[in-house]
There are 2 protein chains.
Amino acid sequence: MSADKEMILQFAPWESFVSPTFWHKLAELKLDHDRLSDSKRSIAGHYTNRNASGCLMEVDYTAYNRTAQPPKFSHSASGTIYNKNTIEEFKALDKLQLLADEGKELLANMSSGEVLRDPSLLTRFFVLSFADLKCHSYYYWFAFPCPLTPTLKLQGAVQRLRDLPYSQNYIEALKLLPAESQNFFILYANEEHKVFEARSLSCLNEKDVEHYYFAFADPSEYDHPAWLMRNYVAFLLQQCPSFVGKSVKFLGLRYNQQMQMDDSRVWQVIQTEACDLSQPGELKFVGWELNKNGKMGPRMVCMRDSMDPAKLAENSVNLNLKLMKWRLVPDLNLEVISQTKCLLFGAGTLGCAVARNLLSWGFKHITLLDNGKVGFSNPVRQNLYTHADAVAGNRMKATTAAQRLREINPSAVTAGHVLEIPMPGHTIGESLLAQTEDHLQVIQQQVQDHDAIFLLTDSRESRWLPTLLGAANQKIVINAALGFDSYLVMRHGSTREEAGDGGQQIDGLKCINGDQLGCYFCNDVTAPGNSLKDRTLDQQCTVTRPGVSNIAASYAVELLVALLQHPRKELAPAYYAQSGRGKSEEAAGKVPEGLLGILPHSIRGMLCNYENIVPATQKFAQCIACSAPVLNAYKKEGNAFLLKTFETAKYLEDLTGISEFKRLNSEIIDFDDDEFDMSEEDED
Amino acid sequence: MSADKEMILQFAPWESFVSPTFWHKLAELKLDHDRLSDSKRSIAGHYTNRNASGCLMEVDYTAYNRTAQPPKFSHSASGTIYNKNTIEEFKALDKLQLLADEGKELLANMSSGEVLRDPSLLTRFFVLSFADLKCHSYYYWFAFPCPLTPTLKLQGAVQRLRDLPYSQNYIEALKLLPAESQNFFILYANEEHKVFEARSLSCLNEKDVEHYYFAFADPSEYDHPAWLMRNYVAFLLQQCPSFVGKSVKFLGLRYNQQMQMDDSRVWQVIQTEACDLSQPGELKFVGWELNKNGKMGPRMVCMRDSMDPAKLAENSVNLNLKLMKWRLVPDLNLEVISQTKCLLFGAGTLGCAVARNLLSWGFKHITLLDNGKVGFSNPVRQNLYTHADAVAGNRMKATTAAQRLREINPSAVTAGHVLEIPMPGHTIGESLLAQTEDHLQVIQQQVQDHDAIFLLTDSRESRWLPTLLGAANQKIVINAALGFDSYLVMRHGSTREEAGDGGQQIDGLKCINGDQLGCYFCNDVTAPGNSLKDRTLDQQCTVTRPGVSNIAASYAVELLVALLQHPRKELAPAYYAQSGRGKSEEAAGKVPEGLLGILPHSIRGMLCNYENIVPATQKFAQCIACSAPVLNAYKKEGNAFLLKTFETAKYLEDLTGISEFKRLNSEIIDFDDDEFDMSEEDED
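The rules behind the values
- Residues numbered from 1 in each chain as written.
- Chains lettered and ligands numbered in written order.
- Predicted model: local features only at pLDDT ≥ 70, side-chain atom pairs only at ≥ 80, totals over all residues.
- Helix = DSSP H or I, 4+ residues; strand = E, 2+ residues; numbered from the N terminus.
- Rg over C-alpha atoms; globule rule 2.2 N^0.38 Å.
- Buried ≥ 20, exposed ≤ 12 C-beta atoms within 10 Å, placed from the backbone.
- Contact = placed C-beta atoms within 7 Å.
- Pairing = 2+ DSSP bridges.
- Axes fitted to C-alpha atoms, helices over the stretch in contact; angles between N-to-C directions.
- Least-squares fit on C-alpha atoms with pLDDT ≥ 70 in both.
- Nonpolar A, V, L, I, M, F, W, Y, C, P; charged D, E, K, R; others polar.
- pLDDT = per-residue confidence, 0-100.

Draft legend 1. Looking closely at the overall build of chain A. What chain A contains, in helices and strands, is 21 helices and 25 strands. Relative to the 2.2 N^0.38 estimate, which gives 26 Å for 684 residues, the radius of gyration of chain A is 37 Å and therefore markedly larger than a compact globule would have. Its C-alpha atoms give chain A principal-axis dimensions of roughly 115 × 60 × 45 Å. Buried positions account for 49% of the 684 residues belonging to chain A. Within chain A, contacts between residues separated by at least 24 positions form 75% of all contacts whose residues are at least 6 apart in sequence.

Draft legend 2. Seen up close, the environment of B:Phe376. Residue and element names in this part refer to chain B. Along the polypeptide, Phe376 turns up in the loop between β17 (365-370) and α11 (387-392). Taking the C-beta count within 10 Å as the criterion, Phe376 has 27 such neighbours and is therefore assigned buried. For the pair Phe376 and Thr386, spaced 10 residues apart in sequence, the C-alpha to C-alpha distance is 8.8 Å.

Draft legend 3. Structural detail: the sheet that holds strand β17 (residues 365-370) of chain A. Residue and element names in this part refer to chain A. Spatial strand order, β18-β17-β16-β19-β20-β21-β24-β25: eight strands in an open sheet with mixed pairing. Bordering the open sheet on either side are β18 (413-418) and β25 (611-613), each of which pairs with just one other strand. Taken pair by pair, the neighbouring strands of this sheet meet at an average axis angle of 15 degrees, ignoring direction. Relative to the sheet, helix α12 (residues 397-408) contacts β17 and β18, its axis offset from that of β18 by approximately 170 degrees.

Draft legend 4. Main features of the relation of the copies chain B and chain A. Superposing chain B onto chain A takes a rotation of 180 degrees plus a shift of 0.1 Å along the axis, which leaves an RMSD of 0.2 Å. Put plainly, the chains are arranged around a two-fold axis. Most of the interface of chain B is mirrored in chain A: 99% of its interface residues are interface residues there too.

Draft legend 5. View of the interface of chain B and chain A. On the side of chain A, 78 residues touch chain B, which itself brings 79 residues to the contact. Secondary structure elements with two or more residues in the side of chain B that touches chain A: α8 (309-327), α10 (349-360), α11, α12 (397-408), α15 (537-540), α16 (546-565), α17 (581-588) and β25 (611-613) of chain B. The biggest single contributor to the side of chain B that touches chain A is α8(B), with 11 residues. Of the residues assigned to the side of chain B that touches chain A, the class counts are 38 nonpolar, 23 polar and 18 charged.

Draft legend 6. A look at the confidence of the model for chain A. Residues and elements named next belong to chain A. Per-residue confidence for chain A gives a mean pLDDT of 86, with 90% of residues at or over 70. Residue range residues 532-541 is modelled with pLDDT below 50. Its contacts to residues more than four positions away, or to other chains, number 26 contacts. Across residues 663-684 the pLDDT falls below 50, and counting only partners more than four positions away or on other chains, this stretch makes 42 contacts in the model. Of the two predicted TM-score estimates for the complex, the pTM is 0.70 and the ipTM is 0.70.

Draft legend 7. Summary view of unusual backbone geometry. Unlike most non-glycine residues, A:Arg35 shows phi in positive territory, near 50 degrees. Positive phi is not limited to glycine here, since B:Tyr610 has a value of about 60 degrees. When you line up the elements, B:Tyr610 lands in the loop between β24 (602-606) and β25.

Right, here's the structure in full:
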């Protein structure tokens, strides 16, 4: 370097130092708050002058909280983030203009006196960014704007604080200044340098300039000061025009690990040329950070590799869901979905498909109950299992499914219980009594511990106990059953007692409140018997078109999600156009919709003509699963009652008076559809 | 043993020896032929008297073919299998009665002279079985019926053939008898035992009894003869009543490994008590085999562990499909399904779900094309991937999906190709030209090599090339596209030229023949441009309710399956009720159904009201993807034409005259529905 060049004071440029948490928080804000808005946002950075190794401007997740205190031994910097919606916008933006705009703001802060109240405005910075949230990549470019002028000349050698006379006096004076004011301040020295006083910037008095050390927290590790001194100088020039031509002293405060400030530097400098900062429109600004190649250009960080994969997955999954909120359903309550605990009776074709749909929707708590092993015919239809599970020969469906769900989304909380569901009319031998009671205990506990129960088993009678327990524990119950090319998806009537308005009456529509809707057994006057015995092969297996189970499982989950979005949840009324065909079409158009559409009692569909109907039916006072006599008997007698029904299903018929009812052979049940012949056996 | 006891000739009982192939074949016959019938079926067993180690009655897959020859050195046995439909029927069947019935048949064969023509009837056996095809377990019980009487007394010691005088003469005589007659025959000896003659049973002459050796192939390895001699004796008693009280000789022929018969046994025996076999109703029969515990009872074999797992899986998967045929759709053509090769453009949410549905239906050939990597948001919706795939960071969707499909069904033939689908208006830079041409080459080859093409990508323009190639190669094309809570599934109009009747005209229904149906672009007057550029986040991702993709994927596969079952396949006409609502309902009931229901042109559905409509629309003569000008330009210019359209989509508009058409701004397109606003972006 030439001697002349040496005379010009150089500044150590800022280096941005971005914590991954800064990007996590940005992603969160983008998804939950900003959405499609790309308005700029205030942020705070911080830097330290203790044991500094480079002029690092750090930002982390606290950056977005303007009231957050900087870390100990650090000072705040005032920033702005411009987060663009697309990489094209990020690229297209006029960088010089943005820098100039920011620079003008900086000068405005100086001239308005705001810097006097908040000197951290002098360490102004901003970030231009694009968050590619799908790929977890963040494109960003930091800038630390300052006017190209002024230019200080160094007078004499750079001194260290420890080499100055009376250095201990300086140090003592500093101790009286609050830490939070030690970013920019003034050290007043009397003539003999024996008395020192630390004052805040607001005490600046132009006539005392020669008695001042213009002090600042200096993150530089070199002989020359950090970049932030440029703005300090500009500010002082603006505040004290007489500054030009005067020899002034700057003190760059630097602490070592032990908080000794002996290495602080003192520069005696002079601004020789006039420098008019009052016309910022004509000033040039500098400050874009170089990228890692030392070139003018943005940086990119891929958080994919540095993030906890489980967290990454969770964020990614949430992204898809939040996008629905952004663009289409701003009132969508994703919280209630992630908190609703789902219990699945059956981990077969329907169970697997329902569980996967639940994960897609962001449900986190899924428990499966099943007594089966994974067999060779299962994997092609039961979409949580593989051929290897069948080869292993001992993989239980419930536990395997639970594990697979975690392999899909590690943040899912899943469990599987291998157990038999006791069934009416399936007598329990003495030898199995203890095991049955154990299983009953688990089933009852699980029902209590969950919010929504799915009935996805392969026989009518295995649905009885879960139906009863769902009703007894006031749970949401969703039922899915399959025929060869037809399906039934329904919500059971609620037993939850909660005051609320009845559904709105609409011409041509039947309206049944959620607590008056029937269950799977309400349309059915026979107690379930042992239908599993003596079934030929075709009755033991699922004989369904494969599409049927996927469609039914999807509707089952969509129905639950739609219910959860309704203010009254499962108490939401169901509407059904009951009269003639032409009229019913017209009436159907009037069905009130929830956030995600209508909330039918049941969906019955057929693959052969791609038609669905959505009938609603009333609770049946003599239902063998959900009626008062049954619920009361269960509440009163508990397991003793259950064991009696397992012994003989006739017990249920007598209890509800159905035996008599059957004798009368009357027709008082409100059968709404005669078009569907739903098979009882629906799944293997 | 007492001396008295020693005098009674004992017989070595049969042991059943069942080859796994016997059960495989039974399963096949049950599934493909017998189905729910449990009629008895004739089978053949075989046994050997060469180097025999036990009286093994072997059955294998040839058992069901009565014209099959027994293996070398083996003899046929005549059998019957009673295969029951349920384990309960298997258990409940009256075993004594069945044995008696079989025994009577045996005696009837003897008295009718059938045994003379076919001595293998003397080695009669039968199997009572139940094939649990779901668990690959076979319950079975063999019986070798014979009347409890007669009871032979042994006279003198058992002799070996080699110990007899003139034993070489016996052996020479035997050599003249055809091997197939050597199960039961007569060896005539003159008085000096010097001359021997082997004769078939039909030459039996009662007066020569004392000159006979009643010879038989004897699988016994002990001093006493095999069980089959009991029936031989019974037969002889029936044929020669004078046999009683006479001393007769039996020769049990036994070969060693070198086909020497020196170890053959000769028993001199006498039936002392009269034995009336003419009243079989009063006879007792014996012959049920003991099980492995030495008890009277059936055996069970679990083929699961001994079968090739891949084969097991294949059988199991086919079982589910064949069950549909049995009970519900006897004409279902499963062959065409397993032979149809499917090509999937896109291995995202739709691609994965479609591939899984294809496997469920028994499709074997599935190829996927995709250019993407598995990302963290994918596994919860794209049901062939796991979190670990995303963590790995370099798993390509196409190849990963192909591998996963084989992990579900090892007999699936799958492939994945990682490539970009070139798109109209997506200019290809010089540097990518060679790669694009490579990809084009692969895409074209794949389309040619497959029968059905699925369009499951995430943008409108990426569907253009596959639409064109599907049409140019006369393939079946199925298209699925998603909106937030709506879906479109359609079959493209066929370009296959095949004579055939037009669809039946039905009042109130529009009928469009398969070759006149439109494609995805036929309703669309703009050439696809670069819609991927500058999309904000919500446009880049799938913003759909999760159920939508599963439902659409299921319909897409069910539509293909239904088409394949139609005699004219994709040329099948589509019907659509076009007029007012009330009327359309009525007309809809008249839509002709194929084997699996109606064959619509398209299915458009919404989750918000669970409704589907099935509109049909005509081909558009100026379609930018499937019209004659486009197909001709492609046929004539090939890749040169494609590259021009990639350069600018306007080229397509000019080619088809759409530019002009747009200027005229007329409304001549047959839009059938104004109810659905299908989003173009449908999948991530």
